[in-house]
Amino acid sequence: MIEVVIDSVRVSLMSQHRIVVLREENGERYLPIWIGPFEADAITIQLQGIEVVRPMTHDLLRQITESLDGEITHVVISDLQNETFFAEIVLEANGETVEIDSRPSDAVALAVRVDVPIYVAEEVMERAGMQPEEELGVLSQGPDGVEEEVGETGDEDLDVFRDFIEGLDIDN
């Protein structure tokens, strides 16, 4: 198993779908997982330390586990089938280890509440993990059909936007 940390929770600007990005603790691979908006909010609220008036679902799960003298030890993103990730919440209760089937988003939201490690099965990381690009430049096909490197945007490319923003009359 590979230990991961939450790198970020992102929102797609095109579709408003959420992605939790897990980063290999001692490596360079990332694992992006599409999640629902409620689970994304639950993860983000906990990571940002926002206090909520009433317990959220994952807080309730934590409280139930603790009240039954159970202890969540870790969560595992355990499988990937037909582009769907599977996870398990692993807990100790009454001297036994219990593995509970879970959606990855719920497992991660619970893991951040009880501060336990998140793991990814090696096979899952092999199949779905990604490494960041080695260079900042990206190849793009130019108007003449030839691939050309497009690097970082220079300040001169942003002048049009700068002029627009400076010309806004906010009072009106």
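If you're wondering where the values come from, they're calculated on a predicted model, not measured in any experiment.

Each value, and the rule that gives it
- Residues numbered from 1 in each chain as written.
- Predicted model: local features only at pLDDT ≥ 70, side-chain atom pairs only at ≥ 80, totals over all residues.
- Heavy atoms only, no water.
- Core = buried A, V, L, I, M, F, W, Y, C linked by side-chain atoms within 4.5 Å.
- Buried < 20%, exposed > 50% of the residue type's maximum accessible area, 1.4 Å probe, protein only.
- Helix = DSSP H or I, 4+ residues; strand = E, 2+ residues; numbered from the N terminus.
- Pairing = 2+ DSSP bridges.
- Axes fitted to C-alpha atoms, helices over the stretch in contact; angles between N-to-C directions.
- Contact = heavy atoms within 4.5 Å.
- Polar contact = N/O pair within 3.5 Å; in protein donor to acceptor, adjacent residues only side chain to side chain.
- Patch = residues over 30% accessible without salt bridge, like charges linked within 9 Å, V, L, I, M, F, W, Y side chains within 5 Å.
- Areas by Shrake-Rupley, 256 points an atom, 1.4 Å probe, with all protein chains shown as cover.
- Salt bridge = Lys/Arg side-chain N within 4 Å of Asp/Glu carboxyl O.
- pLDDT = per-residue confidence, 0-100.
- 1 Å grid on protein atoms, 1.4 Å probe; cavity = no way out; pocket = protein on both sides within 12 Å on 5 of 7 lines; lining within 4 Å.
- Points joined across faces, edges and corners; volume = space filled by probe spheres on them.
- Nonpolar A, V, L, I, M, F, W, Y, C, P; charged D, E, K, R; others polar.

Some points on the nonpolar core
Here's step 1: By size, the foremost hydrophobic cluster in this structure holds 33 residues, and its most contacted members are Leu22, Leu31 and Ile77.
Here's step 2: For this core, the leading source of residues is helix α3 (residues 104–114), giving 6 residues.

So, the sheet that holds strand β6 (residues 96–102)
Here's step 1: Reading across the sheet, the 7 strands line up as β3-β2-β1-β7-β4-β5-β6 and stay open at both edges, with mixed pairing between neighbours. Looking at strand neighbours, the two that pair on one side only are β3 (30–35) and β6, the edges of this open sheet. Neighbour to neighbour, the strand axes of the sheet diverge by 35° on average, direction disregarded.
Here's step 2: Relative to β3, strand β2 (residues 18–24) is paired through 6 bridges, and the arrangement is antiparallel. Paired with Ile19 across the bridge in β3 is Trp34.
Here's step 3: Helix α1 (residues 37–47) rests against β1 (2–11), β2 and β3 of the sheet, and its axis sits at about 110° to β1.

A short note on the side chain of His58
Here's step 1: Secondary-structure assignment places His58 in helix α2 (residues 57–67).
Here's step 2: His58 gets classed as buried once you look at its relative accessible area, which sits at 6%.
Here's step 3: Among the polar contacts listed, one links the side chain of His58 to the side chain of Asp106, at a separation of 2.9 Å.
Here's step 4: Among all residues touching His58, those that are not within four sequence positions of it are Ala42, Asp106, Ala109, Leu110 and Arg113.

A word on α3
Each α-helix turn comprises 3.6 residues. Residues three or four places apart therefore point the same way.
Here's step 1: Counting buried positions along α3 yields 10 of 11 residues, so the element is predominantly enclosed.
Here's step 2: Every buried residue of α3 is listed here: Pro104, Ser105, Asp106, Ala107, Val108, Ala109, Leu110, Ala111, Val112 and Arg113.
Here's step 3: Directly beyond the C-terminal end of α3, a positive phi value near 55° is found at Asp115.

Observations concerning a nonpolar patch on the surface
Here's step 1: On the surface, Leu60, Ile64 and Leu68 cluster together into a nonpolar patch covering about 290 Å² of accessible area.
Here's step 2: Its place among the elements puts Ile64 in helix α2.

Some words on the confidence of the model for the protein chain
Here's step 1: Taken as a whole, the protein chain shows an average pLDDT of 84; of its residues, 77% reach a score of 70 or greater.
Here's step 2: By mean pLDDT, strand β8 (residues 138–141) is the weakest element of the protein chain at 40, and strand β7 (residues 118–120) is the strongest at 98.

Brief notes about the pairing of β2
Here's step 1: With respect to burial, β2 is a largely interior element, 6 of its 7 residues being buried.
Here's step 2: Pairing analysis gives 7 bridges linking β1 to β2, with the strands arranged antiparallel. Within β2, the residue paired with Ser8 across the bridge is Val21.
Here's step 3: A loop of 6 residues connects β1 with β2, the two strands running antiparallel in sequence, and Gln16 in this loop sits at a positive phi of about 65°.
Here's step 4: In this antiparallel pair of consecutive strands, β2 and β3, the connection spans 5 residues.

Overview of the layout of surface pockets
Here's step 1: There is about 260 Å³ of room inside the largest pocket.
Here's step 2: Forming the boundary of the largest pocket are 14 residues, of which Pro32, Ile33, Trp34, Glu83 and Phe85 lie nearest the centre.
Here's step 3: Elements with a minimum of two residues in the lining of the largest pocket: β3, β5 (84–93) and α3.
Here's step 4: Among the residues making up the lining of the largest pocket, the classes are represented as 10 nonpolar, 3 polar and 1 charged.

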